[in-house]
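# Summary of the model geometry
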Amino acid sequence: MSQDVSTGGVIEAIEPEGAQAGVVKKTLGLGFWLAVGWIVLIALLALLAPVLPLKDPNANFIDIQGKGRPPYGPSGDHWLGSDQDARDMLSRTIYGARVSLVVGFSAVAFGFAIGGTIGLVSGFVRGMFDKITSFIMLVLLSFPALILAILITSLMERSLLTIALTLGILSVAPVGRLARSASLVFSEREFVLAARTMGAKPSHIMLRELLPNVLIPMSALALLGTAVAIVAEGGLAFLGLSVEKGSTWGKLILTGAQTRQLEEAPWIAFVPITALFLTVMALNFAGDRLRDYFDVRELAL
Amino acid sequence: MRRSLQRVAIVVLLLVAVSMLTFVAMNVLGDPLFNILGPIAGDTENPESIAKIEAAEAQYYLDKPLPERYVRWLGDFVQGDMGVRFGSDGQPPVTGLIKERLPRSLVLMGMAQVMALAIAIPWGISSAAGSLGGVDAGPRSLRFLVPFSLKAVAVIYFALSLFGSTIGVVVLIWFVALLVAHQLAETVPAARALVDVVKKVMSGFSSALSFGFISMPNFALAVLLYYVFALKQGWFPLRYDASDGFFTRMWQLFLPALTLALPGAAVYQRLLRTDLITTLQEDFILMARAKGVSKRRVLFRHALRPSMFSVITVFGINAGALVGGALVVETFFGIPGIGTAVVEAILREDFPVVLAIVMIVATGFVVLNFLVDLLYSVLDPRVRS
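Residues numbered from 1 in each chain as written. Chains lettered and ligands numbered in written order. Predicted model: local features only at pLDDT ≥ 70, side-chain atom pairs only at ≥ 80, totals over all residues. Heavy atoms only, no water.

## Quick word on the interface of chain B and chain A
Convention followed: By the convention used here, residues are in contact when the closest approach between their heavy atoms is within 4.5 Å. Buried surface area refers to the total accessible area, computed with a probe of radius 1.4 Å, that the two partners give up upon joining, counted for both partners together. Any Lys or Arg side-chain nitrogen located within 4 Å of an Asp or Glu carboxyl oxygen qualifies as a salt bridge. What qualifies as a polar contact is a pair of N or O atoms within 3.5 Å, subject to a donor-acceptor requirement within protein and to the restriction that residues adjacent in sequence count only when both atoms come from side chains. Numbering goes from the N terminus for both helices and strands, where a helix is a DSSP run of H or I of at least four residues and a strand is a run of E of at least two.
Counting residues at the interface gives 55 residues for chain B, matched by 45 residues for chain A. When residues of chain B are sorted by the area they lose upon contact with chain A, Phe211(B), Phe219(B) and Ile346(B) head the list and together hold 13% of the total. For the interface between chain B and chain A, the tally reads one salt bridge. Note that Arg270(B) and Asp288(A) form a salt bridge whose closest N and O atoms lie 2.8 Å from each other. One can count three residue pairs in polar contact (both at pLDDT 80 or more) joining chain B with chain A. Where the side of chain B that touches chain A is concerned, the elements lending two or more residues are helix H1 (2–29), helix H8 (192–215), helix H9 (218–232), helix H10 (246–279), helix H13 (309–333), helix H14 (338–347) and helix H15 (351–379) of chain B.

## Examining the environment of Thr162(A)
Residues and elements named next belong to chain A. Looking at the secondary structure, you find threonine 162 in helix H6 (residues 160–187). Distance in space between the C-alpha atoms of threonine 162 and isoleucine 152 is 8.6 Å, their sequence separation being ten residues. With residues up to four places along the chain from it excluded, the contact list for threonine 162 reads Met156 and Glu157. Among the polar contacts listed, one links the side chain of threonine 162 to the backbone nitrogen of serine 159, at a separation of 3.0 Å.

## Focus on helix H2 (residues 29–48) of chain A
Residues spaced three or four apart along an α-helix face the same direction, because each turn holds 3.6 residues. Heads up, the rule is: Each residue after the first adds 1.5 Å to the expected span of a helix.
With 20 residues, H2(A) should cover 28 Å at 1.5 Å per step; its first-to-last C-alpha distance of 29 Å lies within 8% of that length. Those residues of H2(A) hidden inside the fold are in contact with helix H3 (89–125), helix H9 (249–256) and helix H11 (267–294) of chain A.

## Things to note about the environment of Glu48(B)
Topologically, Glu48(B) is positioned in helix H3 (residues 47–59). As a C-alpha pair, Glu48(B) and Gly96(B) span 48 residues in sequence and 31 Å in three-dimensional space.

## Re helix H8 (residues 202–238) of chain A
All names here are of chain A. Where we set the bar: The quantity called bend is, for any residue, the angle between two axes fitted respectively to the seven residues ending at it and the seven beginning at it.
Relative to the 54 Å expected for 37 residues at 1.5 Å per residue, H8 spans just 46 Å between its end C-alpha atoms, considerably shorter than the ideal helical length. Of all bends in H8, the biggest is about 45°, found at leucine 210, and the proline proline 212 comes one to four residues later. Residue glycine 240 follows H8 closely and has a positive phi angle near 80°.

## Looking at the packing of aromatic side chains
Our working rule: Aromatic contacts are taken between Phe, Tyr and Trp rings whose centres are within 6.5 Å, Trp giving its six-membered ring; a plane angle under 30 degrees counts as stacked, one over 60 as edge-to-face, and the others as tilted. For every residue, the accessible area obtained with a 1.4 Å probe (protein chains only) is divided by the maximum for its type, and the residue is called buried under 20%, exposed over 50%, and partly exposed between those limits.
In total, this model carries 15 aromatic pairs over all chains according to the counting rule given. Both rings, one in Phe270(A) and one in Tyr227(B), keep their centres 5.1 Å apart while their planes meet at 65°; by these two values the pair is edge-to-face. Here Phe270(A) is found in helix H11, whereas its partner Tyr227(B) is found in helix H9 on a different chain. Arranged with centres 6.5 Å apart and planes meeting at 90°, the rings of Trp123(B) and Phe213(B) form a pair that is edge-to-face. Note that Trp123(B) is positioned in helix H5 (residues 94–128) and Phe213(B) in helix H8, a separation of 90 residues in sequence. Per residue, the accessibility class of Trp123(B) equals that of Phe213(B), and both read buried. In textbook terms, an aromatic cluster arises when at least three aromatic residues are bridged by ring pairs, as seen for Phe238(A), Phe219(B), Tyr226(B), Phe332(B) and Phe333(B).

## A few points about the confidence of the model for chain B
Residues and elements named next belong to chain B. Threshold: Scored between 0 and 100, pLDDT is the confidence that the predictor attaches to each residue.
Here chain B averages 78 in pLDDT, and 79% of its residues register 70 or above. Segment residues 134–142: pLDDT under 50, and 17 contacts once partners within four positions in sequence are set aside and those in other chains are kept. Here the prediction assigns the complex a pTM of 0.80, and the interface score ipTM is 0.79.

## Some points on unusual backbone geometry
Residues and elements named next belong to chain A. Here arginine 126, not a glycine, exhibits a phi torsion of approximately 55°, which is positive. By the element assignment, arginine 126 lies in the loop between H3 and helix H4 (127–142). Residue arginine 126 is classed as partly exposed on the basis of its relative accessible area of 34%.

## Overview of the side chain of Arg92(A)
In this structure, Arg92(A) sits in helix H3. For Arg92(A), the contacting residues outside a window of four places in its chain are Pro57(A), Asn58(A), Asp83(A), Arg87(A), Ser247(A) and Leu252(A).

Spelled out as structure tokens, the structure:
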């Protein structure tokens, strides 16, 4: 809708002059590196899960020595407890990260490849192509995202590929919109004009002049988008619509969220919730810091 | 005039595109005949099943080509008839189902938005209050905070003590400590440093809290709130029961609405804080302060209204996110609204219901954002030109 245009104007209108004057030097800060550290740690754990000395996530460790029936609370044996089938929560959570992270990262990669390209090109060439793609993006944006996601996933078989693809399609429009606005801004700049005057081909200008500049503000969106995709996958899983085979964080939370489970063994739900929460927060925080660092305003909406 | 006509045209075109896309996707990717009749649909040997198939095809216009079916559906939809549900008897009709389910979801989402604003506005104002007053902003802004928050605390404490909770005691101790620190800062100048530390801790806590709410996925928040307030504390009922009285049902909706409200409240608070800090640097605020208008009055009466733009914009956009959240929250808390209806319908491939709900949601979203656009000029006369 046109709300983007009108707020853009409003924000500019009430922005005081010289708001940036007081800012001397910007740093990413310790928090940013902590967040990145956590993301790298989780990614490494997920990647190396088969090599690490973890318990089999699908084995049932029924304890005959008198601890009684599962679920077992956290102990030396099971650091984060076990679920109702006596499966180790630590290794289940780490294995669950594999699907969640793969879906998150590949959905964003898809959104960037398609949406980013369309946005970059339409911001540069404008005209009819821009009008048509902008309308398609608007249509995509006026669907409630989660309804569209369950619509697609319910009509297709639910493999890792289709889930990642569905969320990827959903990220095309937001990514495309930002890429377009960034590309529009940079197309007006002197260095693009200079390249044009020197007779550079449009493809050369887009790849060599625009792309590196557009990628900078987009890097923050990549982190924020990954967080959104991971949450969306969790939401689908929570509705019973995620990947059929293997465990994901959303599926783990769903099994722990039944009233009986919550009463007897709250850790079954709260271990994956904590992992998910910390990861999403780390991605959001890192994205936020990057956004401030590069001073990208329009990302806020 | 011409511009608003153009906008209406775009909105209509948008909705037609959304409906077309959904309609085609469901008819091409799914198998409507099978969804209506079940296994009989594939049985073309038995004359009895053939008769049933033909009857169903005639009833749902499946023998007509796709464009004609779409136009028929669109014509009916515009007149308020959303068609017949897929299934053996097709009862109740889609319109009836929507009429039963939609009000509940609207109440839930409305409650969530009201709660979000009710949390975000005081929160945003108190977190921006520190930037009002220039150089001597230190203890003075706390003076504003204390009476303001003491009143709130009295209410919160009273509510909490009704439940006999220890949280109430903790909250009370915190605010008494704050009051003491503030009094010390007024009389003993050396204690100002301490107050500054308290203020820093509080603002750090406030921004960490809002960041946490934003990063908490709604299904995880639902589990957390349900665990703490329904299971452990027992303040809220465990299930929604549509047969209960009005006030009981509203109480049952409180926790689901809070789940939807908290992330929104955090977003609104952050936006409001940023905009308020910008507004507070403007000349008319300085003018009001110079005339001796109290801080509270400046914040609530002078600065709040022109600082609501981002909040109002995101209020419209957030409505879309609320629909997604409502799916999850309604399913988890067992509320029979349109969220659960659409999930059930998608799982049973009951396309007319899905189509109707997608259209209602998309229309609502688009219309709401249209209204938000109109609201800008009400909020700030400067935009009216």
